[in-house]
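This is what each chain is made of:
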Amino acid sequence: MANSKPYVILSAAMSIDGKIATRKGRSKFSSNKDLTRVHRLRGSVDAILVGRNTVSVDNPSLTVRRVKGRNPIRIILDPKATISSSSKIVKTSKNIPTMAIVSEIAPASHVSFLTKKGLEVIKCGKIRIDLKKLLSILAKRGIQKILVEGGGTTNWYFLKEKLVDEIIVTVTPYVVGGKEAVSLVEGHGFDNISYPLKLKHVKRIGNEIVLHYVI
Ligand SMILES: NC(=O)c1ccc[n+]([C@@H]2O[C@H](COP(=O)([O-])OP(=O)(O)OC[C@H]3O[C@@H](n4cnc5c(N)ncnc54)[C@H](OP(=O)(O)O)[C@@H]3O)[C@@H](O)[C@H]2O)c1
């Protein structure tokens, strides 16, 4: 029987103090070796998912380039359907399968614009995106493994709903600081020490450590 939800891996590179971007939005923390590891990981999943701020700040391609492998489906959480036509994601969406997940507040004109650009638009949730419902839709389509690549707000929504099965975080040799710098997990936060995990694997790559936790 098919699983009711895909297996969810949350992946990020952070500074020693737990930031995934500086207050100016700089987020290229990883070494080339670690980026190659991430691309290998991307090649092993069915879909990569990010929040719409990550698309607007980083303008990522979310493809597998450093190793041989197929590109996973790209999924953008974009409740108001606002992702820019100049983003790499939108520009390449006729060639690489891409889904924009919107809510009922997305204006019809934005939705039809994204559809024309080649994205598949899925409506899921009244104001916010209903992640449980989304994962069930994705599972029904045969998506078994998803890599959530941030940012901090998206990570929070997944963790809040207890939807994350595995966390792979690279601790990089930098200090960022600042309340305005995005942390690995943003949002309201848990009241109590939460989300107990088991350390499955630790790998040193030069001055970085890749921590691999599972539930
Ligand atoms: N170092 C790393 O590994 C790494 C990886 C990825 C990103 N980053 C950094 O993280 C920063 C962006 O993080 P962020 O926290 O600002 O934003 P984000 O998580 O990329 O995007 C957040 C936005 O996505 C939408 N969203 C996410 N989950 C949703 C849900 N359940 N329901 C409805 N909407 C949802 C919302 O859009 P609306 O605002 O339209 O409601 C929300 O404001 C960037 O600076 C980027 O460079 C770093």
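Residues numbered from 1 in each chain as written. Predicted model: local features only at pLDDT ≥ 70, side-chain atom pairs only at ≥ 80, totals over all residues. Heavy atoms only, no water.

All right, on to the overall build of the protein then. Scanning the protein for helices and strands turns up 6 helices and 9 strands. Rg of the C-alpha trace for the protein: 17 Å, near the compact-globule value of 17 Å for 215 residues, within the 12% margin. Counting only C-alpha atoms and orienting by the principal axes, one finds that the protein spans roughly 45 × 35 × 35 Å. Relative to its 215 residues, the protein shows a buried fraction of 46%. At a minimum sequence separation of 6, the contacts of the protein that also span at least 24 residues come to 72%. (Helix = DSSP H or I, 4+ residues; strand = E, 2+ residues; numbered from the N terminus. Rg over C-alpha atoms; globule rule 2.2 N^0.38 Å. Buried < 20%, exposed > 50% of the residue type's maximum accessible area, 1.4 Å probe, protein only. Contact = heavy atoms within 4.5 Å.)

On to the site of the ligand, then. Surveying the vicinity of the ligand reveals 27 residues, the closest of which are Arg52, Thr54, Asp58, Thr153 and Thr154. Note that an oxygen atom of the ligand is positioned 2.5 Å from one of the side-chain N or O atoms of aspartate 58. In the environment of the ligand, an oxygen atom lies 3.3 Å from a nitrogen or oxygen atom belonging to the backbone of glycine 152. With the chains in place, 88% of the 920 Å² that the ligand exposes on its own is no longer accessible. Looking at the shell around the ligand, the elements with two or more residues in it are strand S1 (7-14), helix H2 (52-58) and helix H6 (152-160). (Near = heavy atom within 4 Å. Polar contact = N/O pair within 3.5 Å; in protein donor to acceptor, adjacent residues only side chain to side chain. Areas by Shrake-Rupley, 256 points an atom, 1.4 Å probe, with all protein chains shown as cover.)

Here we take up helix H5 (residues 131-140). Restricting attention to buried positions, one finds in H5 the residues Leu131, Leu134, Leu135, Leu138 and Ala139. Burial along H5 is one-sided: seen end-on, the buried residues are contained in an arc of 135°. Where H5 is buried, its residues touch S1, strand S2 (47-51), strand S3 (73-77), strand S4 (98-102), strand S6 (145-148) and H6. Taken from the residues just after H5, glycine 142 is the one with a positive phi, measuring 90°. (Arc of directions from axis to C-beta.)

Now for the sheet that holds S1. Either a parallel or an antiparallel arrangement is found when strands of a sheet pair, and the pairing is made through backbone hydrogen bonds. Spatially, S5-S4-S3-S2-S6-S1-S7-S9-S8 is the arrangement adopted by the 9 strands of the open sheet, whose pairing is mixed. Either end of the sheet is taken by a strand with one partner, and the two such strands are strand S5 (120-123) and strand S8 (198-205). Along the sheet, successive strands turn relative to each other by an average axial angle of 20°, direction set aside. As paired strands, S4 and S5 are joined by 4 bridges and run parallel to one another. Each bridged residue has a counterpart across the sheet, and for isoleucine 101 the counterpart in S5 is isoleucine 122. (Pairing = 2+ DSSP bridges. Axes fitted to C-alpha atoms, helices over the stretch in contact; angles between N-to-C directions.)

This brings us to the pairing of S1. The buried fraction of S1 amounts to 7 of the 8 residues, a majority that puts the element mostly inside the structure. Where S1 lies against S6, 4 bridges are found, and the strand directions are parallel. What sits directly across from leucine 10, in S6, is valine 148. Two elements, S1 and strand S7 (residues 166-171), share 6 bridges in a ladder whose sense is parallel. Bridged to alanine 13 within S7 is threonine 170.

This paragraph deals with the nonpolar core. One recurring pattern in soluble globular proteins: nonpolar side chains tend to sit buried together. Ile101, Leu134 and Phe158 are the most contacted members of the largest nonpolar core, which has 31 residues in total. When contributions to this core are tallied by element, the ones reaching two or more residues are S1, S2, S3, S4, H5, S6, H6 and S7. With sequence-adjacent residues up to four places away left out, phenylalanine 158 is seen in contact with Val8, Leu49, Leu77, Leu131, Leu135, Val148, Leu163 and Val164. Listed in part, the 15 residues of the second largest apolar core include Ile83, Ile89, Val90 and Ala106. (Core = buried A, V, L, I, M, F, W, Y, C linked by side-chain atoms within 4.5 Å.)

As judged from the 3 bridges shared by S2 and S6, these two strands associate in the parallel manner. Paired with isoleucine 48 across the bridge in S6 is leucine 147.

The next point concerns the layout of surface pockets. One number sums up the size of the second largest pocket: a volume of about 190 Å³. Lining the second largest pocket we find Ile9, Arg37, Arg40, Leu41, Lys145, Glu166, Ile168, His201, Lys203, Val210 and His212. Broken down by secondary-structure element, the contributors of at least two residues to the lining of the second largest pocket are helix H1 (32-43), S7, S8 and strand S9 (208-214). Looking at the lining of the second largest pocket, the element that brings in the most residues is H1, giving 3 residues. (1 Å grid on protein atoms, 1.4 Å probe; cavity = no way out; pocket = protein on both sides within 12 Å on 5 of 7 lines; lining within 4 Å. Points joined across faces, edges and corners; volume = space filled by probe spheres on them.)

The analysis is restricted to geometry; functional conclusions fall outside its scope.
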